[in-house]
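Now for the letters of each chain:
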Amino acid sequence: MSDYLFYPGCSMESSAKAYEASMEAVCKPLGINLKEIEDWNCCGATEYLSLDLTPAYSLIARNLALAQEQANGTKTVLAACSACYLNLSKADHYMHEDKAFGRKINSALAAGGLHYDPGQLVIRHLLDVMFNEVGLDKIKEKVVKPLTGLRVASYIGCMVPRPDYNARISDTEYPYELDDLLKALGAEVIDFPLKTACCGGHMTQIGPATAFELIRRLISAADQYKADALVALCPMCQMNLDAFQGQMNGYFHTSYHMPILFFTQLMGIAFGEKPENLGFGSELVSAHAAMKRIGIQTPEPAPAKPVAKKPSGLPMPPPRVRVGQQNTANEEASE
Amino acid sequence: MTEQAIVSDPPSVGPVKHEDLSLLQEVALRTPGDPNLEMCIQCGTCGGSCPSASAMDHTPRAIFAMLRAGMREDVMKSNTPWMCVACYYCTVRCPQEIHITDVMYTLKNMSLEANTGHNGTASDFSKTFISLVETYGRSFEIGLAGFQNVRHFITRLPSITPMAVGMLTKKGMSLFPPKRIKGMDQLKKILKRAKELEAE
């Protein structure tokens, strides 16, 4: 058993419950003991840094200070959300590198009776821990239901491989960790060229046209490679590609159907966990058909409502029908 | 050489006043660590790597040229930093190792201070996000999306309704804000002190 200080982040408790549930389900058999940092706060995502740098870093550093207090022998902070992971490691990195900056953040923390010694903690992402600490051999041992026949696109996104302050990931643009992990589960992994492209981030709320184009690139590429599902490791990526896929389809008049799953959900399936314990069914683009291909029964999507046909042509008032002429009008229409 | 020395080693005695510095120096000084900003060779790798460059009025390369030329007003008015999606492609590809994404954050801070009010959609999103975090200590995604869409994308509401329903039913998200963290007072004190430090 190895102990980790766990920083869940806000998404894991609201939009990405499937990620948290499946992560817990796979961490136990692998001997990963997660100890949640007590009373953690939001990392500020990319938003606080945009407004005010010192408060933004102080907000992040409060979590590091709490983690250091509660460490109790363990040094590693584990985050599963890419943005949380990057923010925590960014604050640690800059407080360590720029001593004056570190003192400034610590004097803000002192107002709340806290202190963080930069470099004291090691901040790691869940994928990094799975690949480099647990190891593929141990993961392979636990596989009881190989995902043979499931064709997946592995998508890492931006904030885990870049800027990667501690050089933990194999490459900033073409890393192999997630591919290898999914292959170890028995899945057929396509050589996805956009594996570290951007999902649009907060652009869905700021500039939807830009966001839809970035989402389209990823979904259409995965579709062209005939992937059954796209596998993500960040709540933001999953939300953008899954929840906004319908709107993107509407914007481009396309009809892509690409289920977006968390890698821990597929690990859980391969480990023989029940789909309902892994958050299946919470995705807006249903993975039912994809999982059925390998004989896994996940919650069925609600039958699609028939879409009302939009009238084509110019908006015109309905033809006036006089009493007595109704029959002729109907006959004309049917002819 | 002297200019470079000022950028990387701010004088340790007495506070450095921003108004005494060139625009390039001010941006560099306000960015944590050394962003290597003065090293730009105008190669354009940043703009060519940027997924949202098409939405920007100036590419990042042009912004760096403008910073060097001291075009303060134009840089503060530009939407470039606000369109940054923080994907860090430019940062890892830059041959001069300029911390471009971090510089973009600094520029956003500065343009809010300058109050040019150019990109309300982006800065309002950040402000709403943070006001929720400052109230609860956690982010509140549904509330945030609601505020932002009512304020800036009112015509989009009908098209996002099915998605919002899916969020609540399938993803099990709550309409209610998250529970406040226990150390809310502590967090408020920290942020208050941090804001004072920022203003110094």
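Keep in mind that this is a model prediction, so the values were computed, not measured. (Residues numbered from 1 in each chain as written. Chains lettered and ligands numbered in written order. Predicted model: local features only at pLDDT ≥ 70, side-chain atom pairs only at ≥ 80, totals over all residues.)

**Q** Is there a simple way to think about the overall build of chain A in this case?
**A** Along chain A, the regular secondary structure elements total 14 helices and 8 strands. Counting only C-alpha atoms, chain A reaches 90 × 50 × 30 Å along its principal axes. Counting all 335 residues of chain A, 55% fall into the buried class. Considering only intrachain contacts with a sequence separation of at least 6, the fraction spanning at least 24 residues in chain A is 77%. (Helix = DSSP H or I, 4+ residues; strand = E, 2+ residues; numbered from the N terminus. Buried ≥ 20, exposed ≤ 12 C-beta atoms within 10 Å, placed from the backbone. Contact = placed C-beta atoms within 7 Å.)

**Q** Help me understand the sheet that holds strand 7 (residues 229-232) of chain A, please; the structure alone is not making it clear to me.
**A** The strands that make up a sheet pair up through hydrogen bonds in the backbone, lying either parallel or antiparallel. Residue and element names in this part refer to chain A. Taking strand neighbours across the sheet as the criterion, the 4 strands line up as 6-5-7-8 in an open arrangement whose pairing is parallel. For this open sheet the edge positions go to strand 6 (188-190) and strand 8 (260-262), each flanked by a neighbour on one side alone. Averaged over all pairs of adjacent strands, the angle between strand axes in this sheet comes to 40°, irrespective of strand direction. Here 3 bridges tie strand 7 to strand 8, and the two strands are oriented parallel to one another. When the sheet's bridge partners are listed, Val-231 is paired in strand 8 with Leu-261. Contacts from helix 8 (residues 177-184) reach strand 5 (151-154), strand 6 and strand 7, with the element oriented near 155° to strand 5. (Pairing = 2+ DSSP bridges. Axes fitted to C-alpha atoms, helices over the stretch in contact; angles between N-to-C directions.)

**Q** Help me understand the pairing of strand 2 (residues 32-36) of chain A in this model?
**A** Across a regular strand the side chains alternate sides, sitting on one face of the sheet and then on the other. Residues and elements named next belong to chain A. Examined bridge by bridge, strand 1 (residues 2-7) and strand 2 share 5 bridges and lie parallel to one another. Note on strand 2: the bridge partner recorded for Ser-2 is Ile-32. Each parallel crossover has a hand, and for strand 1 linked through helix 1 (residues 17-27) to strand 2 it is right-handed. (Right-handed = clockwise from strand over helix to strand, strands pointing away.)

**Q** Is there a simple way to explain the domain arrangement of chain A in this structure?
**A** Residues and elements named next belong to chain A. For chain A, the assigned domains are domain 1 (2-125) and domain 2 (142-292). Between the C-alpha centres of domain 1 and domain 2 the distance comes to 24 Å. The partner domain 2 presents 25 residues to the 24 residues of domain 1 that form the contact. At the level of elements, helix 1, helix 4 (82-97) and strand 4 (122-125) are the ones that each hand at least two residues to the side of domain 1 that touches domain 2. For the side of domain 1 that touches domain 2, the leading source of residues is helix 1, giving 8 residues. Classifying every residue of the side of domain 1 that touches domain 2 by side-chain character gives 14 nonpolar, 8 polar and 2 charged. (Domains from an automatic or database assignment. Nonpolar A, V, L, I, M, F, W, Y, C, P; charged D, E, K, R; others polar.)

**Q** What is the right way to look at the domain arrangement of chain B in this model?
**A** It is common to report an interface's size as the accessible area lost on association of the parts. Assigned domains within chain B: domain 1 (2-114) and domain 2 (120-199). Between the C-alpha centres of domain 1 of chain B and domain 2 of chain B the distance comes to 28 Å.

**Q** I tried to follow the interface of chain B and chain A on my own but got confused; where do I start?
**A** The interface of chain B with chain A comprises 57 residues on the first partner and 54 residues on the second. Contributing elements (two or more residues each) for the side of chain B that touches chain A: helix 7 (89-93), helix 8 (100-114), helix 9 (120-136), helix 10 (141-152), helix 11 (157-169) and helix 12 (184-199) of chain B. Residues of the side of chain B that touches chain A, tallied by class, amount to 29 nonpolar, 16 polar and 12 charged.

**Q** Help me understand the nonpolar core in this model?
**A** Note on soluble globular proteins: their nonpolar side chains tend to be buried together. All names here are of chain A. Among the nonpolar cores identified, the biggest contains 168 residues, and Leu-88, Leu-230, Val-231 and Leu-266 are the most heavily contacted of them. The dominant element in this core, judged by the number of residues it contributes, is helix 3 (residues 53-70), at 10 residues. For Val-231, the contacting residues outside a window of four places in its chain are Val-152, Ala-153, Ser-154, Tyr-155, Leu-178, Leu-182, Leu-261, Phe-263 and Leu-266. (Core = buried A, V, L, I, M, F, W, Y, C linked by C-beta atoms within 7 Å.)

**Q** How should helix 8 of chain A be read in this particular structure?
**A** Each α-helix winds once per 3.6 residues, and so residues spaced three or four apart point in a common direction. All names here are of chain A. For helix 8, the tally of buried residues reaches 6 of 8 residues, placing the bulk of the element in the interior. Looking at the buried side of helix 8, the elements it contacts are helix 6 (126-134), helix 7 (136-142), strand 5, strand 6, strand 7 and helix 12 (263-270). One or two steps after helix 8, the chain reaches Gly-186, where phi turns positive at roughly 100°.

**Q** Looking at this structure, I do not really get the confidence of the model for chain A. What am I missing?
**A** Caution applies to low-pLDDT regions: their predicted coordinates should not be interpreted in detail. Mean pLDDT over chain A: 92, with 92% of residues reaching 70 or higher. In the model, residues 328-335 of chain A has pLDDT below 50 throughout and makes 2 contacts with residues more than four positions away in sequence or in other chains. (pLDDT = per-residue confidence, 0-100.)

**Q** I'm lost on the packing of helix 5 (residues 99-110) of chain A against helix 12 of chain B in this one. Help?
**A** When two helices pack together, their arrangement is given by the angle between their axes and by how far apart the axes lie. One can describe the packing of helix 5 of chain A onto helix 12 of chain B by two numbers: an axis separation of 7 Å at closest approach and a directional angle of 140°. One way to sum up the angle between helix 5 of chain A and helix 12 of chain B is to call them oblique. In the packing of helix 5 of chain A onto helix 12 of chain B, the handedness of the crossing is right-handed. Residues Lys-104, Ser-107, Ala-108 and Leu-109 of chain A of helix 5 of chain A lie in contact with helix 12 of chain B, whose contacting residues are Ile-190, Arg-193, Ala-194 and Leu-197 of chain B. Considering only residue class, the contact of helix 5 of chain A with helix 12 of chain B consists of 5 nonpolar, 1 polar and 2 charged. (Parallel < 35°, antiparallel > 145°, perpendicular 65-115°, else oblique. Left-handed = near helix turned anticlockwise from the far one by under 90°.)

**Q** Help me out: how do you make sense of the sheet that holds strand 2 of chain A in this one?
**A** Residue and element names in this part refer to chain A. With parallel pairing, the 4 strands of this open sheet are ordered in space as 2-1-3-4. The sheet is open, and its two borders are formed by strand 2 and strand 4, each paired with just one other strand. The sheet shows a mean angle of 40° between the axes of neighbouring strands, direction not considered. Strands in contact with helix 6 are strand 1, strand 2, strand 3 (76-79) and strand 4; relative to strand 4, the strand with the most contacts, it is inclined by about 100°.

**Q** What exactly am I supposed to notice about the environment of Thr-76 of chain A here?
**A** Residues and elements named next belong to chain A. Relative to the helices and strands, Thr-76 resides in strand 3. Measuring from C-alpha to C-alpha, the distance between Thr-76 and Ala-187 comes to 30 Å, with 111 residues separating the pair along the chain. Aside from chain neighbours lying at most four places away, what touches Thr-76 is Tyr-4, Leu-5, Val-122 and Arg-124.

**Q** I tried to follow helix 9 of chain B on my own but got confused; where do I start?
**A** For helix 9 of chain B, spanning 17 residues, the distance from its first C-alpha to its last is 24 Å, which sits close to the expected 24 Å at 1.5 Å a residue. When we look at burial in helix 9 of chain B, the residues that qualify are Ala-122, Phe-125, Ser-126, Thr-128, Phe-129, Ile-130, Leu-132, Val-133 and Tyr-136 of chain B. Check the buried side of helix 9 of chain B and you find it contacts helix 2 (47-51) of chain A together with helix 6 (80-83) and helix 10 of chain B. Positive backbone phi, at 85°, marks Gly-137 of chain B, one or two positions downstream of helix 9 of chain B. (Expected span 1.5 Å × (residues − 1).)

**Q** Where do I start with the environment of Ala-287 of chain A in this structure?
**A** Residues and elements named next belong to chain A. Checked against the element boundaries, Ala-287 lands in the loop between helix 12 and helix 13 (288-292). Taking the number of C-beta atoms within 10 Å as the measure of exposure, Ala-287 has 25 and is therefore buried. Between the C-alpha atoms of Ala-287 and Leu-261, which are 26 residues apart in sequence, the distance is 8.0 Å. Aside from chain neighbours lying at most four places away, what touches Ala-287 is Ala-229, Pro-259, Leu-261, Phe-280 and Thr-298.

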